[in-house]
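Residue-level listing of the chains:
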Amino acid sequence: MEIKSITLRHIKMDLLYPFTTSVGTEFDKDIILVEVKSKSGLSGWAESVSINEPIYNEETVKTNWHMMSDYLIPLLFQDSMKHPNEVSDRFKPIRGNYNAKAALECAIWDLYAREKNLSLAKALGGVKDKVEVGISVGIQESERKMLQQIEGYLNEGYKRIKVKIKPSWDVHILKAIRQEFPSIQLMADANCAYNLNDIEHLKELDAFHLTMIEQPFDCDDIIDHAKLQAELKTPICLDESIHTVEDARKAIELGSCKIINLKIGRVGGLTESKKIHDLCEKHDIPVWCGGMLEAGIGRAHNIAITTLANFTLPGDTAPSSHYWKQDIIEPEVEMKDGYIYVPESAGIGFVPNIKRIDDVTLYSKTFRN
Ligand SMILES: O=C(O)CCC(=O)C1=CC=C[C@@H](O)[C@@H]1C(=O)O
Ligand SMILES: [Mg+2]
């Protein structure tokens, strides 16, 4: 692959509905779109998943732009590459900054798959032609509103409901959901809202037969999670704590979790995602694909990775119409009976809608090799 140029576009899109977690509310989404052009004339596309504030992790849209422009793109321009697997090695001298690294790496995977005329799913070794879809429901202003929303989502066909929890919005809300919907696949995501002092309180959640509780403790913890998992029947799923296959190995060895939420952006790209997937498969740890309120291009990468065999639980890959008045790809991502059918055409399998992208672009910059 001979890279000719890389264009970064900062786009901004309104979310159809605000999304509230234990750490804050998102009303819109700023995204850095990456387009990598090769000398073959083809382009590969990806999105960076950071938000504007460092509240989910330490990266932001601005730090992503800085890392890509000043460090990562120059590393890509040093030499040509045969395979996207080489990108993560190229980025090794730069610590952390997983979201920024992932955005460039994913665009190069898309370009590679297009050059080979393979779908990204096939290029990654995917084995499914459709993927199961779950939905992530933010904290609501009332219990009644929450129940109404869940009923609507179940009617739309979603296979699993994930609700955001925090100390004042947990036991009563899960109890109400279970009373109304006794047999649905239900899970809770705390985004780090608890600590060791909450173990007795969290044990109350075992009564609700949750598929898992996601990231109850700190964003860099795997020690206290192991203590909690030893006391809980409910499987713990780690999200924020896992950035590398080494993090996953240590968490599995310690017994810190029984499930991992794999977010491509959080782990620096598709190559590391595959490594974590393979390690988890070996240890009978199911994985699923988490969402970061991506627009269509990021969502397409999520759909492709979900086709790997050990993605055995529904992902947060809701269709375009759940988030946006109009998405940035054609066709938009659609869900049928709780499934997304995986596109078979080359690369991510969706076409970037340049007119729509231009309409939502705040600024852009092209780097030439
Ligand atoms: O993309 C989606 O629909 C899932 C959204 C979601 O749950 C999350 C998005 C962004 C940051 C986090 O709060 C979070 C998560 O922790 O999984
Ligand atoms: Mg999470």
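Parameters at a glance
- Residues numbered from 1 in each chain as written.
- Chains lettered and ligands numbered in written order.
- Predicted model: local features only at pLDDT ≥ 70, side-chain atom pairs only at ≥ 80, totals over all residues.
- Heavy atoms only, no water.
- Helix = DSSP H or I, 4+ residues; strand = E, 2+ residues; numbered from the N terminus.
- Rg over C-alpha atoms; globule rule 2.2 N^0.38 Å.
- Buried < 20%, exposed > 50% of the residue type's maximum accessible area, 1.4 Å probe, protein only.
- Contact = heavy atoms within 4.5 Å.
- Areas by Shrake-Rupley, 256 points an atom, 1.4 Å probe, with all protein chains shown as cover.
- Lys, Arg positive; Asp, Glu negative; His and termini not counted.
- Charge placed at Lys NZ, Arg CZ, Asp CG, Glu CD.
- Salt bridge = Lys/Arg side-chain N within 4 Å of Asp/Glu carboxyl O.
- Near = heavy atom within 4 Å.
- Polar contact = N/O pair within 3.5 Å; in protein donor to acceptor, adjacent residues only side chain to side chain.
- Nonpolar A, V, L, I, M, F, W, Y, C, P; charged D, E, K, R; others polar.
- Domains from an automatic or database assignment.
- Pairing = 2+ DSSP bridges.
- Donors = N, O, S within 2.8 Å, 3.2 Å for Na, K, Ca; no water.
- Axes fitted to C-alpha atoms, helices over the stretch in contact; angles between N-to-C directions.
- Parallel < 35°, antiparallel > 145°, perpendicular 65-115°, else oblique.
- Left-handed = near helix turned anticlockwise from the far one by under 90°.

Caption draft 1: Molecular detail of the overall build of the protein. On a plain count of helices and strands, the protein comes out with 12 helices and 15 strands. Since a compact globule built from 369 residues should have a radius of gyration of about 21 Å, the 20 Å found for the protein is in line with a globular shape. For the protein, the spread of C-alpha atoms along the principal axes amounts to about 60 × 40 × 35 Å. Counting across all 369 residues of the protein, residues that qualify as buried make up 61%. For the protein, long-range pairs separated by at least 24 residues make up 72% of all intrachain contacts whose partners lie at least 6 apart in sequence. A total of about 15,200 Å² of accessible surface is found on the protein, and carbon and sulfur atoms cover 48% of it. Across the protein, 44 positive and 55 negative side-chain charges occur, with their mean positions spaced 4 Å apart.

Caption draft 2: Main features of the pattern of salt bridges. One pass over the full model with this rule turns up 19 salt bridges. With a closest N to O distance of 2.7 Å, Asp-30 and Lys-12 form a salt bridge. One end of the pair, Asp-30, is in strand E2 (residues 24–38); the other, Lys-12, is in strand E1 (residues 3–21), with 18 residues separating them in the sequence. The buried category is assigned to Asp-30, whose relative accessible area is 5%. For Lys-12, a relative accessible area of 34% gives the class partly exposed. Salt-bridge contacts for Asp-359 lead to Lys-355; the nearest nitrogen and oxygen are separated by 3.0 Å. Residue Asp-359 and its partner Lys-355 are located together in helix H12 (residues 354–360), separated by four residues, close to a single helical turn. What makes Asp-359 exposed here is its relative accessible area of 51%. Note on Lys-355: relative accessible area 58%, which makes it exposed.

Caption draft 3: Up close: the site of ligand 1. For ligand 1, the set of nearby residues contains 16 residues, the closest of which are Ser-136, Asn-191, Lys-263, Leu-293 and Tyr-323. Asp-239 is positioned such that a nitrogen or oxygen atom in its side chain is 3.2 Å from an oxygen atom of ligand 1. A distance of 2.9 Å separates an oxygen atom of ligand 1 from a polar backbone atom of Leu-293. Bound to the protein, ligand 1 loses 95% of the 410 Å² it would expose on its own. Its residues assigned to classes, the shell around ligand 1 shows five nonpolar, four polar and seven charged. Composition of the shell around ligand 1 by domain shows at least three residues from each of domain 1 (3–117 + 354–368) and domain 2 (122–341).

Caption draft 4: The arrangement of the sheet that holds strand E5 (residues 134–137) in detail. With respect to topology, seven strands assemble into an open sheet ordered E5-E6-E7-E8-E9-E10-E11, the strand pairing being parallel. The sheet terminates laterally at E5 and strand E11 (287–289), the two strands that pair on one side only. In this structure, strand E6 (residues 160–164) lies alongside strand E7 (residues 186–189), joined through four bridges in parallel fashion. Bridge pairing links Lys-164 to Asp-189 in E7.

Caption draft 5: Highlighting the coordination of the magnesium ion (ligand 2). Surrounding the magnesium ion (ligand 2) are the protein donor atoms Asp-189 (OD), Glu-214 (OE) and Asp-239 (OD), which sit 2.1 to 2.4 Å from the metal. Written as a sequence motif, the donor arrangement for the magnesium ion (ligand 2) is D-x24-E-x24-D. With Glu-214 in strand E8 (residues 213–214) and Asp-239 in the loop between strand E9 (236–238) and helix H9 (245–254), this residue pair connects regions lying 25 residues apart in the sequence. Per residue, the accessibility class of Glu-214 equals that of Asp-239, and both read buried.

Caption draft 6: Examining the pairing of strand E3 (residues 43–48) more closely. The buried count for E3 comes to six of six residues, which makes it a mostly enclosed element. Neither face of E3 is exposed, since Ser-43, Trp-45 and Glu-47 on one face and Gly-44, Ala-46 and Ser-48 on the opposite face are all buried. Where E2 and E3 come together, six bridges link them in antiparallel fashion. Bridge pairing in E3 places Ile-32 opposite Ser-48. If you look at the hairpin formed by E2 and E3, you'll find four residues sitting between the two strands, and Gly-41 has a positive phi there, around 95°.

Caption draft 7: Up close: the packing of helix H1 (residues 61–76) against helix H3 (residues 98–115). It is at 9 Å that the axes of H1 and H3 come closest, and there the two elements cross at 50°. As far as their axial angle goes, H3 and H1 are oblique. Taken as a pair, H1 and H3 cross one another with a handedness that is right-handed. Here Asn-64, Met-67, Met-68, Leu-72, Ile-73 and Leu-76 of H1 lie close against H3, whose contacting residues are Asn-99, Ala-100, Lys-101, Ala-103, Leu-104 and Ile-108. Class assignment for the residues of the contact of H1 with H3 results in nine nonpolar, two polar and one charged.

Caption draft 8: Geometry of unusual backbone geometry. Here the amide bond leading from Glu-330 into Pro-331 is cis, since omega sits at -10°, within 30 degrees of zero. As for its placement among the helices and strands, Pro-331 is situated in the loop between strand E12 (329–330) and strand E13 (339–341). A positive phi angle, near 45°, is found at Asn-191, a position not held by glycine. Inspection of the secondary structure puts Asn-191 in the loop between E7 and helix H7 (199–203). In this model, Asp-337 sits at a positive phi of 50°, which is unusual for a non-glycine residue.

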